[in-house]
Amino acid sequence: MTVKTRFAPSPTGYLHIGGVRTALYSWAFAKHHGGEFLLRIEDTDLERSTAESVQIILDGMKWVGLDADNEHRIVYQTQNFPRYKELIQKLLADGHAYHCYCSKEELAAMREKAEREGTATYDRRWRPEPGKTLPEIPAGREPVVRFKTPIDGVTIWNDLVKGEISIPNSALDDLIIARADGTPTYNFCVVADDFDMGITHVIRGDDHVNNTPKQINIFKALGVNPPQYAHLPMILNEQGRKISKRSGDTVAITEFDSLGILPEAMLNYLARLGWAHGDDEFFTMRQFVEWFDLKDVSSSASRMDMKKLYWINGEHIKAADNAALAELVRPRLEQQGIVPAERPALADVLALVKDRAQDLNALADECAYFYRKAVPAEADVAKHWDDEAPARMQRFAAKLEALPEGDWTAEGIHALFKPFCDEEGIKMGKLGMPLRLAVCGTAKTPSVDAVLALIGKEEVLRRMRG
Ligand code: GLU
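Treat the numbers as computed from the prediction; the structure is a model and nothing was measured. (Residues numbered from 1 in each chain as written. Predicted model: local features only at pLDDT ≥ 70, side-chain atom pairs only at ≥ 80, totals over all residues. Heavy atoms only, no water.)

A. Just the side chain of T442, in detail. As for its position among the elements, T442 is in the loop between α17 (429-439) and α18 (448-455). Engagement of the side chain of T442 in a polar contact is seen with the backbone nitrogen of K444, the distance being 3.0 Å. Aside from chain neighbours lying at most four places away, what touches T442 is Y369, R436 and L437. (Helix = DSSP H or I, 4+ residues; strand = E, 2+ residues; numbered from the N terminus. Polar contact = N/O pair within 3.5 Å; in protein donor to acceptor, adjacent residues only side chain to side chain. Contact = heavy atoms within 4.5 Å.)

B. Broad picture of the sheet that holds strand β1 (residues 4-7). Ordered by their spatial adjacency, three strands build an open sheet running β1-β2-β3, and the pairing between neighbours is parallel. Two strands close off the open sheet at either side, each with one partner strand: β1 and β3 (75-76). With four bridges joining them, β1 and strand β2 (residues 36-41) adopt parallel strand pairing. Counted as the bridge partner of T5 is F37 from β2. Of the strands in this sheet, β1 and β2 are in contact with helix α1 (residues 17-32), which crosses β1 at around 165°. Here helix α5 (residues 186-196) sits on the sheet and contacts β1, β2 and β3; the angle it forms with β2, its principal contact strand, is near 145°. (Pairing = 2+ DSSP bridges. Axes fitted to C-alpha atoms, helices over the stretch in contact; angles between N-to-C directions.)

C. View of helix α3 (residues 81-93). Look at α3: 18 Å from first C-alpha to last across 13 residues, which is about the 18 Å you get at 1.5 Å a residue. Those residues of α3 not exposed but buried are Y84, L87, I88, L91 and L92. Seen end-on, α3 carries its buried residues on one side only, within an arc spanning 145°. Turned more than 90 degrees away from the buried face of α3, the exposed residues are P82, K85, Q89 and A93. On the buried face of α3, the contacting elements are β4 (97-100), β5 (144-147), β8 (176-178), α5 and α6 (212-221). Positive phi appears at G95, one or two residues downstream of α3, with a value of about 80°. (Expected span 1.5 Å × (residues − 1). Buried < 20%, exposed > 50% of the residue type's maximum accessible area, 1.4 Å probe, protein only. Arc of directions from axis to C-beta.)

D. Geometry of the UniProt feature "short sequence motif: 'HIGH' region" (unreviewed entry) in the protein chain. Here the UniProt-annotated "short sequence motif: 'HIGH' region" (unreviewed entry) positions come out as residues 9-19. Within the segment residues 9-19, helix and strand shares are 27% and 0% respectively, and the terminal C-alpha atoms sit 7 Å apart. (UniProt positions renumbered as here; feature names shortened; annotations may be inferred.)

E. Structural view of the site of the ligand. The full set of residues close to the ligand is R6, A8, P9, S10, E42, Y186, V190, R204 and H208. Here an oxygen atom of the ligand and a side-chain polar atom of R6 are 2.7 Å apart. In the environment of the ligand, an oxygen atom lies 2.8 Å from a nitrogen or oxygen atom belonging to the side chain of H208. About the coverage of the ligand: the protein hides 81% of its 300 Å² of free accessible area. (Near = heavy atom within 4 Å. Areas by Shrake-Rupley, 256 points an atom, 1.4 Å probe, with all protein chains shown as cover.)

F. Expanded view of the packing of aromatic side chains. Summed over all chains, the structure comprises 13 aromatic pairs. Ring geometry for Y25 versus F292: centroids 5.1 Å apart, planes at 40°, classification tilted. Highlighted residues: Y25 in helix α1 and F292 in the loop between α9 (285-291) and β12 (302-303), separated in sequence by 267 residues. A residue is classified by how much of its surface remains accessible, and F292, at 0% relative accessible area, is buried. (Phe/Tyr/Trp six-rings, centres within 6.5 Å; stacked < 30°, edge-to-face > 60°.)

G. Layout of unusual backbone geometry. Backbone torsion omega between R343 and P344 reads -5°, so that peptide bond is classified as cis. Take P344: it is sitting in the loop between α11 (322-335) and α12 (346-353). Here R124, not a glycine, exhibits a phi torsion of approximately 60°, which is positive. With respect to the helices and strands, the residue R124 is situated in the loop between α4 (104-117) and β5. We classify R124 as buried; its relative accessible area is 17%.

H. Looking closely at the pairing of β5. Alternating positions in β5 separate into two faces, V144 and R146 on one and V145 and F147 on the other, with burial throughout. Here β4 pairs with β5 via four bridges, running antiparallel. The partner of A97 across the bridge, within β5, is F147. Here β5 pairs with β8 via two bridges, running antiparallel. When the sheet's bridge partners are listed, V145 is paired in β8 with A178.

I. Just the side chain of S26, in detail. Of note, S26 is situated in helix α1. In this view, S26 contacts T5, R6, F37 and I203; residues no more than four positions away in its chain are not counted.

J. Quick peek at α17. In terms of burial, α17 is a largely internal element, eight of the eleven residues being buried. Of all the positions in α17, only L431, G432, P434, L435, R436, L437, A438 and V439 are classed as buried. Buried positions along α17 lie against α14 (378-384), α15 (389-402), α16 (410-424), α18 and α19 (457-465).

K. Here's a closer look at the pattern of salt bridges. According to the stated counting rule, one finds 34 salt bridges in the structure shown. Across the pair R40 and D193 runs a salt bridge, and its minimum N-O distance is 4.0 Å. Placement of the pair is R40 in strand β2 and D193 in helix α5, with a sequence separation of 153 residues. The two residues R40 and D193 agree in class, both being buried. In this structure, D174 and R127 form a salt bridge, with 3.0 Å as the shortest nitrogen-oxygen distance. (Salt bridge = Lys/Arg side-chain N within 4 Å of Asp/Glu carboxyl O.)

L. View of the packing of α16 against α18. Running from N to C, α16 and α18 cross one another at 130°; their axes reach a closest spacing of 8 Å. Considering their axes alone, α16 and α18 lie oblique with respect to each other. Seen from above, α16 lies across α18 with right-handed handedness. Residues A410, I413, H414 and F417 of α16 lie in contact with α18, whose contacting residues are V448, D449, A450, L452 and A453. The residue makeup of the contact of α16 with α18, split by class, is seven nonpolar, one polar and one charged. (Parallel < 35°, antiparallel > 145°, perpendicular 65-115°, else oblique. Left-handed = near helix turned anticlockwise from the far one by under 90°. Nonpolar A, V, L, I, M, F, W, Y, C, P; charged D, E, K, R; others polar.)

Given below as structure tokens:
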């Protein structure tokens, strides 16, 4: 049996990180088993689904790099209406579904009674049973189609994350599978597509646990074995509450891009959020696929920890290829109005500074002064730029100017420091800090000799004398 999983988002807004984690686990499970990971857009809610939201989902999936195996034939539920109709007809013909002509008022009265008595809502008035006389069909009223849920017994499944779950069928309604206008309802469409797509494992958020027994019963009525189910606990915010945009939490996957998080770090973080492989924190997606097993997914909710996300991001920045990193940092510099010159090459700058930042925006700031001198902070000036500094920097500039081109290296520049400090009768700090301010405009730089070597002689002298 080929394992087939799917991610089935509803395109009603943005791509939530909870959704991305669901997609990631579905993807990793399929890949671990040499199977397929499919994408299905659940767009039957015509009022809430928009083409723009579909695009946001596709862009988000692309950004994190979770490629669906059906990328060129993504399933859109709105394209499957004829098929849903066909399957509903089959259920009607096989006696697993029936027409119900209840009015809104009748249903409201039933709901009230059910709430009082704590039973399932629908009183099965129109459910055909041997020997039962059905009410008279009201003239001119279009019926809905209801599913004949088993009356007795329990629906049980072995949830691959939560363990055995058993729901008494008496708690389930004869749910509506087609509305009076003929359109199919949510739970029915999910079953029809999971069936047609040959899904073997449904991995989804645990907000769907209540739908599962309904879906299992529909599968059985269609005469097919239901897939296996795994329900993932939710992601809570740092305060332990449901993560939400309204509470100011970072939720949409694109917001993490704006924060300067790398897609591979995002996936690494989300993988670890609710799943563990020993003490491993920093790993690649290849390792994740190799290690991933649903039995290691935690059955309780996980909490967002932005500090940890930034730490993992920092680790991925350190491990990233400098040329690839340069392409991600370049647009962030351009946003600050800085177009990196050919020299120093951005990749070389990154090699020097990339262990100093935990996100791409901070990393761009670390690169900025290589291309444009920063405006020094007042506190730095007060601390490091004393009355002696201007003249002393001019004297040091002369030493730098005298350095032969071939010695313009970190080592060559470094070799000037001690003799200069001896000559001036100062400690190294009295040279290094003002030198950073004079050349970079900031006191926070890596080793100043290496920085000067990269910026280049001409530019260093221009800045010191400018
Ligand atoms: N469309 C549902 C959602 O976005 C997922 C349904 C499912 O995975 O079965 O929550």
